[in-house]
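Summary of structural features
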Amino acid sequence: MSREFRAPGRVNLIGEHTDYNLGFVLPIALDMACVVTRTEGSDGHISLHALDRDETADFAVSEIALLKPMHRWTDYPVGVAQQLLSSGFRIDAAKLEIHSTVPEGSGLSSSAALEVSSALALLGDQRIDPLELAKLCQRAEIEFVGMPCGIMDQYISVFGKANAAVRIDCLSLEYQLVELPENAAIIAVNSMVKHELASSAYRDRVEECAMAVDAIQRQYPEVKSLRDATMEHLEKVKLPNLILRRARHIVTENARVLLFVKAAARRDLARMGELFVESHVSMQHDYEISCPEIDFLVDAAVGIPGVYGARMTGGGFGGCTVNLVRPDAVKRFEESIIAAYQERFSVIPKVFACVPSEGAREI
Ligand code: GLA
């Protein structure tokens, strides 16, 4: 008998790179997901089969704790298996068949979807606290895959909700559901750009933020992370210009998440759209994680009638934009943005509606 475990990808509405600075993020879980089908094994092995790549890998359960990263897709389930073992869970022989509809390298969190669905499949009947599941998958990514990510992607993959965005406080790790106005569609546009740079630049940003905290702390010891920093701190502390700009993105972006949540409660789509654009400008100039293709998509989008706002979503250097669009303007938006992007870059971008969906579970 086989069992299926599903974990979704995500689109982050606002709050980019704020998670590892212990601030706020506002993602939604997507209806695109990774599904892992588990059938029992008998030979003391975990066998992994990636349907989409038609690749198989096989590991003896007794060897899992000793495995080293191989810089391929198997690192995600293997990293998760190691974390499960070190947290006292049991790994039994099994065959895991993996299939994902989350496009890779598009800033939609295909890695977290793979980690969380693999963890559930490896756990089988063993129960795990949902927050522990998210943290364990994040540790797998940091310690085994080697990507010093925050908690957002794994958290939303576990805690996603249909019909709502999830405001996560990355310090307390508590969340609040945020209802979105009905008269706005969330549309993602995939630039189809994947930059090799993304993971090394991500690491640089994590370090730059740590440098900002170090410098601020010398004058203001109460600042434990950029979550605690204010614009006043940034004015009073002499930071090198690059570090100042990185920190300013985080401080202003945290504020924008809270303002966006308030604007959503008032159904104030004009303000929500403005905050999208302000967030994008901050990522473009202060955090420097955008790229010409993405900037083009944002600029083109805001010129199309019925678009409230647009911004890049996810880690950066390519991937997708997220757009807030009046429902009756979606068709025209899609046609216009495809035509403009194709004319400029000779690439057809993928456009899709983001439907807030439920988090990880057995199906
Ligand atoms: C990647 C990371 C997340 C987060 C985003 C940027 O998706 O995995 O933890 O930092 O980038 O907001």
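Reading the values: rules and limits
- Residues numbered from 1 in each chain as written.
- Predicted model: local features only at pLDDT ≥ 70, side-chain atom pairs only at ≥ 80, totals over all residues.
- Heavy atoms only, no water.
- Near = heavy atom within 4 Å.
- Polar contact = N/O pair within 3.5 Å; in protein donor to acceptor, adjacent residues only side chain to side chain.
- Areas by Shrake-Rupley, 256 points an atom, 1.4 Å probe, with all protein chains shown as cover.
- Nonpolar A, V, L, I, M, F, W, Y, C, P; charged D, E, K, R; others polar.
- Buried < 20%, exposed > 50% of the residue type's maximum accessible area, 1.4 Å probe, protein only.
- Helix = DSSP H or I, 4+ residues; strand = E, 2+ residues; numbered from the N terminus.
- Pairing = 2+ DSSP bridges.
- Contact = heavy atoms within 4.5 Å.
- Expected span 1.5 Å × (residues − 1).
- Axes fitted to C-alpha atoms, helices over the stretch in contact; angles between N-to-C directions.

What follows concerns the site of the ligand. For the ligand, the full set of nearby residues is Arg10, Glu16, His17, Asp19, Tyr20, Cys149, Gly150, Met152, Asp153, Tyr202, Gly314 and Gly315. Contact distances for the ligand include 3.0 Å between an oxygen atom and a side-chain N or O atom of Arg10. Isolated, the ligand exposes 310 Å² of accessible area, and the fraction of that covered by the protein chains is 94%. Each residue belonging to the shell around the ligand can be placed in one class, and the counts come to 4 nonpolar, 4 polar and 4 charged.

The element strand β7 (residues 165–169) is largely enclosed, with a buried count of 5 among its 5 residues. Neither face of β7 is open: one carries Ala165, Arg167 and Asp169, the other Val166 and Ile168, and all of them are buried. Sheet topology note: the strand β2 (residues 24–25)/β7 ladder contains 2 bridges and is antiparallel. Residue pairing for β7: Val25 is matched across the bridge by Ile168. The pairing of β7 with strand β8 (residues 174–178) spans 5 bridges and is antiparallel.

Let's shift gears to the environment of Ala310. Positionally, Ala310 belongs in strand β10 (residues 307–313). Here Ala310 falls in the buried class, since its relative accessible area comes to 0%. As a C-alpha pair, Ala310 and Leu297 span 13 residues in sequence and 8.3 Å in three-dimensional space. Excluding residues within four positions of it along the chain, Ala310 makes contact with Phe276, Val277, His280, Val298, Ala301, Val302, Val322 and Asn323.

Since the α-helix packs 3.6 residues into each turn, any two residues three or four apart lie on the same face. Taking 1.5 Å of rise per residue, 25 residues should cover 36 Å, and helix α7 (residues 241–265) covers 36 Å from first to last C-alpha, within 8% of that figure. Looking at the residues trailing α7, positive phi occurs at Arg267, about 60°.

On to the sheet that holds β7. Sheet architecture is open: 3 strands sit in the order β2-β7-β8, paired in antiparallel fashion. A single partner strand is all that each edge strand has here, and the edge strands are β2 and β8. The strands touched by helix α4 (residues 152–159) within the sheet are β2, β7 and β8, with β7 carrying the most contacts at an inclination of about 130°.

For helix α2 (residues 110–123), which comprises 14 residues, the first-to-last C-alpha distance of 20 Å matches the rise-based estimate of 20 Å (1.5 Å per residue) to within 8%. Summarising burial for α2: 14 of the 14 residues are buried, a large majority. Positive backbone phi, at 60°, marks Gly124, one or two positions downstream of α2.

Geometry only, nothing functional implied.
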